[in-house]
Amino acid sequence: MDNHDIHTGGDENSGLDAFAAVALILIAVAAAVFWVSQH
């Protein structure tokens, strides 16, 4: 639990987590659109 608390603490970590989440979503959407366009 300590590691999880340290990870979730801090505005910088929260910002990086949010940015990473958005980036992963954009990559997933782009991959889905590319896959659909190929078929």
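Treat the numbers as computed from the prediction; the structure is a model and nothing was measured. (Residues numbered from 1 in each chain as written. Predicted model: local features only at pLDDT ≥ 70, side-chain atom pairs only at ≥ 80, totals over all residues. Heavy atoms only, no water.)

Trainee: With reference to specific residues and values, describe the overall build of the protein.
Mentor: Scanning the protein from N- to C-terminus turns up two helices and zero strands. Residue burial in the protein is summarised as follows: out of 39 residues, 0% are buried. Just so you have it, the protein exposes about 3600 Å², and 71% of that area is on carbon and sulfur atoms. (Helix = DSSP H or I, 4+ residues; strand = E, 2+ residues; numbered from the N terminus. Buried < 20%, exposed > 50% of the residue type's maximum accessible area, 1.4 Å probe, protein only. Areas by Shrake-Rupley, 256 points an atom, 1.4 Å probe, with all protein chains shown as cover.)

Trainee: Run through the UniProt feature "transmembrane region" (unreviewed entry) in the protein, naming residues and quoting values.
Mentor: UniProt tags residues 18–36 as "transmembrane region" (unreviewed entry). Taken end to end, residues 18–36 comprises 100% helix and 0% strand; its first and last C-alpha atoms sit 27 Å apart. (UniProt positions renumbered as here; feature names shortened; annotations may be inferred.)

Trainee: Lay out a nonpolar patch on the surface with the relevant residues and their values.
Mentor: On the surface, Ile-25, Val-29 and Val-33 cluster together into a nonpolar patch covering about 270 Å² of accessible area. With respect to the secondary-structure elements, Val-29 resides in helix α2 (residues 11–37). Overall, Val-29 belongs to the partly exposed group, its relative accessible area being 46%. (Patch = residues over 30% accessible without salt bridge, like charges linked within 9 Å, V, L, I, M, F, W, Y side chains within 5 Å. Salt bridge = Lys/Arg side-chain N within 4 Å of Asp/Glu carboxyl O.)

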